[in-house]
Amino acid sequence: MRSRPLTAASLGLAIGTALAVTVAAHPRRELAVDARQEAAARTSAAGQHAGIHLIKHVIIIMQENRSFDSYFGTFPGADGIPPRVCMPDPRNGGCRKPRADHHDSNGNDPHAEEPFKGDLDGGKMDGFAAEAEKASCRPRPAPCHPDVMGFHVASDIPNYWAYAQHFVLQDHFFEAPGSWSLPAHLYEVSGWSATCARTGVAASCHGSNTPAERRPSRLAPFAWTDITWLLHRDHVTWSYYLDHGAVSPALGNRGGVSLHWNPLPGFTDVRRDGQLGSMRPLTVFYMQAHAGTLPEVAWVAPDFRDSEHGPALVSTGQAYVTRLVNAVMRGPDWKSCAIFLTWDDWGGFYDHVNPPAADGQGYGFRVPGLVISPYAKTAYIDSQVLTTDAYLKFIEDDFLVGARLDPATDGRPDPRPDIRENAAILGDLTSDFDFTQPPRPPMTLKPCPATTLTPRPHPGCHDHVALHARTWGNT
């Protein structure tokens, strides 16, 4: 981890150098200094974990299809786009460099399991342009220049950058699986993605980043255990809020939340627990935020128009997220909230960091991650390795006394290969908070600020382009 201010980094280097000199001259003092530092670190960590219970409401907002570099690649102090990057361009010859792209609407670039492998290219991280051309271009001589090397800047997305500047930006937040939206959302709520040979039989499931989808003839294909099993068992309140309702398995209400972004109705345990009513329209979220009656755990999923999934507008998605955050900040629950904002996958856009391996299904590429809370550290960049597994871990530590989605202990065994929340490489979100500080006041923003996006967004940043499920490839 590192804090953003360069002066702090310089000070840390100076202190580190001074300590190094002192330690070299006084080996016995080295032991004493190390012991004091370790004791202080243990005390600090214990305090952070005790302070977690100041958070009474966890709100997870997941948007769509943006890599870290495509939104924060030029953010000062972050692990952003390195100099002299140039992706091989097999169609047009030569290579393509990252470039500022102010277009409000971006392409629906390839972002499934196979494109992930192609972009990764065995760890060389140089397949982004080639994969996009292979999937998106018509035969020559038709011109084709996919926008995967484009990135947005502060003046395009000023509200997102304002949250990063005033709260916490996570610059090593990775998609949990190396794949597309459905497995990403399955990991978001269950720490796994799988295919099950027998409906409702957890033992028949095996890990897969291409899981079966919900259909009218297959309403509950997800037989393994999700986090709501533990929440319901321990009487922890939760809701999953749906922007303009849900697209149905028969593809009704096509303007609602995609099936891929709304996985919980497909889990056997949600149905057996009688919890389908916990999927609620987004209007309920706004009413509860105003009244101070938000549940302890909340997920918020966008419809297509608000999602930022190309070709949906960046401005519309930013306005939608800002309205959500403003609603929480203006309500009585703000003083005890943690808002976690992220994007489900990289959307095909360039990112330069080679993802670490957690197991055979992940991690995927970096996506933006933000923490917004009255207890969040100020102007802080968190460089721990994180995924949505860390959200589950935070929820479990805050509300479930550290219980895990562990087949050996959760009372509903499934054959998942590991307990993702316990991965040694996974960071701890409590590091993004200062629970000793007084709760910070809200920072409400204009949902539709002035930007450099082109064309200029409509008033209110409301999108008027017809979008529905049939217009999208893999989501």
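In what follows, the structure referred to is the one given above.
Residues numbered from 1 in each chain as written. Predicted model: local features only at pLDDT ≥ 70, side-chain atom pairs only at ≥ 80, totals over all residues. Heavy atoms only, no water.

Draft legend 1. Focus on the overall build of the chain. A tally of helices and strands in the chain yields 12 helices and 15 strands. Accessible surface, the chain: about 18500 Å² in total, of which carbon and sulfur atoms supply 59%. (Helix = DSSP H or I, 4+ residues; strand = E, 2+ residues; numbered from the N terminus. Areas by Shrake-Rupley, 256 points an atom, 1.4 Å probe, with all protein chains shown as cover.)

Draft legend 2. Representation of the pattern of salt bridges within the structure. The final tally for this structure, using the stated rule, is 13 salt bridges. Linking Arg305 and Asp463 is a salt bridge whose minimum nitrogen-to-oxygen distance equals 3.6 Å. Of this pair, Arg305 sits in the loop between β12 (297–301) and α11 (314–329) while Asp463 sits in the segment after α12 (388–399), and the two are 158 residues apart along the sequence. Overall, Arg305 belongs to the partly exposed group, its relative accessible area being 26%. Notably, a salt bridge pairs Arg416 with Asp414, separated by 3.0 Å at the nearest N-O pair. (Salt bridge = Lys/Arg side-chain N within 4 Å of Asp/Glu carboxyl O. Buried < 20%, exposed > 50% of the residue type's maximum accessible area, 1.4 Å probe, protein only.)

Draft legend 3. View of helix α4 (residues 113–120). For α4, the set of buried residues is Pro115, Phe116, Gly118, Asp119 and Leu120. Against α5 (128–136) lie the buried residues of α4. Note on α4: the residue one or two positions beyond its end, Asp121, has a positive phi of about 50°. (Contact = heavy atoms within 4.5 Å.)

Draft legend 4. Inspection of the environment of Ile52 at higher detail. Here Ile52 is to be found in the loop between α2 (27–51) and β2 (57–63). Residue class for Ile52 comes out buried when judged on its relative accessible area of 1%. Sequence separation of Ile52 and Asp397 is 345 residues, and the distance between their C-alpha atoms is 7.9 Å. Filtering out sequence-adjacent residues up to four positions away, Ile52 remains in contact with Phe394, Asp397, Asp398, Thr430 and Phe435.

Draft legend 5. Spatial organisation of the state of the cysteines. All told, the structure shown has 4 disulfides when counted by the stated rule. Described in terms of the sequence order of its bonded cysteines, the disulfide pattern of the chain is 1-2, 3-4, 5-6, 7-8. (Disulfide = S-S within 2.5 Å.)

Draft legend 6. Highlighting the nonpolar core. Of all hydrophobic cores here, the largest spans 104 residues; its most connected members are Ile59, Phe72, Trp299 and Phe340. It is α11 that provides the largest number of residues to this core, a total of 8 residues. Residues in contact with Phe72, not counting those within four places in the same chain, are Ala78, Tyr160, Trp161, Ala164, Leu169, Pro368 and Leu370. (Core = buried A, V, L, I, M, F, W, Y, C linked by side-chain atoms within 4.5 Å.)

Draft legend 7. Spatial organisation of the pairing of strand β13 (residues 337–343). For β13, the buried fraction is high: 7 of the 7 residues fall into the buried class. Pairing geometry for β2 and β13, over 7 bridges, is parallel. Pairing of His57 across the sheet is with Cys337, part of β13. Direction of pairing for β13 relative to strand β14 (residues 369–372): antiparallel, over a ladder of 4 bridges. Within the sheet, the bridge partner assigned to Thr342 lies in β14 and is Gly369. (Pairing = 2+ DSSP bridges.)

Draft legend 8. View of the pairing of β14. Burial along β14 is two-sided: Gly369 and Val371 facing one way and Leu370 and Ile372 facing the other are all buried. As defined by bridge partners, strand β7 (residues 168–170) adjoins β14 across 3 bridges and the pair is classed as antiparallel. Looking at the pairing, Val168 lines up with Val371 of β14.

Coordinates in, geometry out; function isn't part of it.
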